[in-house]
Amino acid sequence: MKNFTVITLGCPKNTVDSRHLINELTAEGFLYVEEFKKADFVFINTCCFINDAKEESIDEILTAAKFKTDRLLIVFGCLSKRYGDELKKEIPEIDALFGVDETGKILNYMKQFKEYSGKKLQEFQYTAEPPTYRYIKIAEGCSRRCSFCIIPEVRGPFRSIEPEKILKEAEKFISSGIKELILVAQDITQYGKDLKGYGLPELLKDLCSISGDFWVRLLYLYPTEIDEAIIQTVAENDKIVKYLDIPMQHSEERILRLMGRRGTRKDYLKKIRQIREAIPGVTLRSTFIVGFPTETEDEFQRLVDFIEELQFDRLGVFKYSREEGTKAYSLKGQIPESVKNRRFDEIMKRQALISLEKNRALVGKNFDALIDYVDADMAMARLYCHAPEIDGVVILENVSNLKAGEKLKLLITEAYEYDLKGVIVS
Ligand code: SF4
């Protein structure tokens, strides 16, 4: 028994954890395979962020259990950390359960298998990840206490990953041909708060000093913690794409306080103005929750006005999901699903118009683009304003001889709500 596969659910942070596990197991002599049916060990990296994510993870475990035969089923990640006992009881086909950040324990567990070779192999490139970009996790956990969120409970307090480790990983990716590094953490503005005199701006500058032609993208910045130094660093470094993902969750002070979030509508407006002034052409993405307990119709309408006023380039909207073990779970005034659905649809409809308008403004302009995917005579590319797996793409038709990972100049020719079409200029 030697072959293993990893099924990854949830956020990019899980993608990074799966990659580390694959590298460690490969270095120990196990062989990574993509196909489930060729695997002797099936690892499932689970998520429990909201109910939908939990269900998806459970479905995946049940499917794997159904086709288990004589392979071993090993579950790890957020869901198993939180509901380990229940999972073991309800799904006896699971052979082993691990939590978050337990690669060491998994490796120990794997050593018991007879065929384990113990031979160090070459480090393995995780083929399930695309050839153009890599997520780099710069911190673990979260020390905030947003009342709707279970993450701090599951992933523990915020811990920055040492800069040397991050830079080494980044160098390795760039030298292997990766064209975009995407920095992730629950809140990247906190980076370095537990290190002496080294924060996000310093890390960004060090990353940008790695030689090579690549982009750096930043995901998840807490709105009130984006300071002058971060803004200036993004503005001044060409390698950092002018794209910021700033989850705000709401605009109304009463709801923000109930959510345990910092800042006010006024603070957020001011911050966005400051960012747009300092970084011309910046693409801004945010996420909001509708139907948080006690949210009134008036508060919801003010949130809609706020979104209209700020004209985000990208917007993620979530219907509040009641999570056991969170403070908001026991709040009185839970909102009926039908109301959440209506509020969700209303925002999405308005945002679709904003997005179409923003996309139309790109038509006729030239941009640097990164080719992510090539198939027969078409290809998909991304501009600085597109985060992979989250935003749209640029579709290129009737093309030939393109390779994933190539950087080109494109002219945008057509715009839709989500995607764009373009042609190659050079
Ligand atoms: S900042 Fe808030 S929402 Fe984000 S992970 Fe931390 S507690 Fe959860």
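From a predicted model like this one, the values you see are computed outputs, not experimental measurements.

Cut-offs applied
Residues numbered from 1 in each chain as written. Predicted model: local features only at pLDDT ≥ 70, side-chain atom pairs only at ≥ 80, totals over all residues. Heavy atoms only, no water. Helix = DSSP H or I, 4+ residues; strand = E, 2+ residues; numbered from the N terminus. Buried < 20%, exposed > 50% of the residue type's maximum accessible area, 1.4 Å probe, protein only. Lys, Arg positive; Asp, Glu negative; His and termini not counted. Salt bridge = Lys/Arg side-chain N within 4 Å of Asp/Glu carboxyl O. Polar contact = N/O pair within 3.5 Å; in protein donor to acceptor, adjacent residues only side chain to side chain. Contact = heavy atoms within 4.5 Å. Pairing = 2+ DSSP bridges. Phe/Tyr/Trp six-rings, centres within 6.5 Å; stacked < 30°, edge-to-face > 60°. Lys NZ or Arg CZ within 6 Å of the ring centre and 35° of its normal. pLDDT = per-residue confidence, 0-100. Expected span 1.5 Å × (residues − 1). Arc of directions from axis to C-beta. Axes fitted to C-alpha atoms, helices over the stretch in contact; angles between N-to-C directions.

Assignment of secondary structure puts Lys-242 in strand β11 (residues 240-245). Here Lys-242 is buried and forms no salt bridge, its nearest opposite-charge partner Asp-238 lying at an N-O distance of 5.2 Å. Side-chain polar atoms of Lys-242 contact the backbone oxygen of Val-234, separated by 2.6 Å. With residues near it in sequence (within four places) discarded, Lys-242 still touches Val-234, Ala-235, Asn-237, Ile-279, Gly-281, Val-282, Thr-283 and Tyr-384.

Attention now moves to the pairing of strand β14 (residues 366-375). Two strands pair when backbone bridges link them, and β14 and strand β17 (residues 407-415) are joined in this way by five bridges, in the antiparallel orientation. Looking at β17, one finds that Phe-367 is bridged to Leu-410. In terms of strand pairing, β14 meets strand β15 (residues 378-382) through five bridges, oriented antiparallel. Looking across to β15, one finds that Ile-371 is bridged to Ala-381. Between β14 and β15, which pair antiparallel in sequence order, lie two residues; one of them, Ala-376, sits at a positive phi of approximately 45 degrees.

Now for the packing of aromatic side chains. Counting across every chain of the model gives eleven aromatic pairs. Summarising the aromatic geometry, the rings of Tyr-133 and Tyr-135 are spaced 5.9 Å apart at their centres and angled 80 degrees between planes, so their arrangement reads as edge-to-face. Tyr-133 sits in the buried class, given a relative accessible area of 6%. We classify Tyr-135 as buried; its relative accessible area is 2%. For the pair Phe-288 and Phe-306, a centre-to-centre distance of 6.1 Å together with 75 degrees between the ring planes defines the contact as edge-to-face. Of the two residues, Phe-288 sits in strand β12 (residues 283-290) while Phe-306 sits in helix α11 (residues 297-310), which places them 18 residues apart along the sequence. When sorted by exposure, Phe-288 lands in the same class as Phe-306, which is buried. Every member of this aromatic cluster is reached through a ring pair, and the members are Phe-4, Tyr-32, Phe-43 and Phe-76. Taking the ring centre of Phe-173 as reference, the NZ or CZ of Arg-134 above it sits at 5.8 Å.

Turning to the confidence of the model for the chain, a few remarks are in order. When pLDDT is averaged along the chain, the result is 93; 96% of the residues meet or exceed 70. Here residues 116-126 is a poorly scored stretch, pLDDT under 50, and it has 31 contacts once near neighbours within four places are set aside; other chains count.

Our next topic: helix α10 (residues 265-278). If you check α10, its first and last C-alpha atoms are 20 Å apart, about what 14 residues at 1.5 Å a residue would give, namely 20 Å. Taken together, the buried positions of α10 are Tyr-268, Leu-269, Lys-271, Ile-272 and Ile-275. Along the axis of α10, the buried positions cluster into a sector of 165 degrees, meaning they face one direction only. Those residues of α10 that are exposed and angled more than 90 degrees off the buried face are Lys-266, Lys-270 and Glu-277. In the core, the buried residues of α10 are packed alongside α8 (228-236), β11, α9 (253-259), β12 and α11.

Another point: the pairing of β12. Within a regular strand, side chains alternate between the sheet's two faces. Most of β12 sits inside the fold, with eight of its eight residues counted as buried. What you see with β12 is no split at all: Thr-283, Arg-285, Thr-287 and Ile-289 on one side and Leu-284, Ser-286, Phe-288 and Val-290 on the other are buried throughout. Bridge count for β11 against β12 is three bridges, and the pairing is parallel. From the neighbouring strand, Tyr-243 faces β12, where its bridge partner is Thr-283.

Let us look at the pattern of salt bridges. Across all of its chains, the model carries 33 salt bridges by this definition. With a shortest N-O distance of 2.4 Å, Asp-17 and Lys-137 are connected by a salt bridge. Within this pair, whereas Asp-17 is found in helix α1 (residues 12-27), its partner Lys-137 is found in strand β6 (residues 133-137), the two being separated by 120 residues in sequence. The two residues Asp-17 and Lys-137 agree in class, both being buried. In this structure, Arg-159 and Asp-101 form a salt bridge, with 2.9 Å as the shortest nitrogen-oxygen distance. Within this pair, whereas Arg-159 is found in strand β8 (residues 159-160), its partner Asp-101 is found in the loop between β5 (96-97) and α4 (103-110), the two being separated by 58 residues in sequence. By relative accessible area, which is 52% here, Asp-101 ends up exposed. When salt bridges that share partners are traced, they join Asp-17, Lys-137, Glu-140 and Arg-155 into one network.

This brings us to the environment of Leu-396. Structurally, Leu-396 can be placed in strand β16 (residues 394-396). Setting aside chain neighbours within four positions, we find Leu-396 in contact with Ile-371, Asp-377, Met-378, Ala-379, Ala-381, Leu-402, Leu-410, Gly-422, Val-423 and Ile-424.

Adjacent strands of a sheet form backbone hydrogen bonds with each other and so pair up, either parallel or antiparallel. Strand order across the open sheet formed by five strands is β2-β1-β3-β4-β5, with parallel pairing between neighbours. Strands with a single pairing partner mark the edges of an open sheet, and in this sheet they are β2 (31-32) and β5. Across the sheet, helix α2 (residues 51-66) is in contact with β1 (3-8), β3 (41-46) and β4 (72-77); its angle to β3 comes to roughly 170 degrees. Set on the sheet, α4 makes contact with β3, β4 and β5; between it and β4 the angle comes to about 165 degrees.

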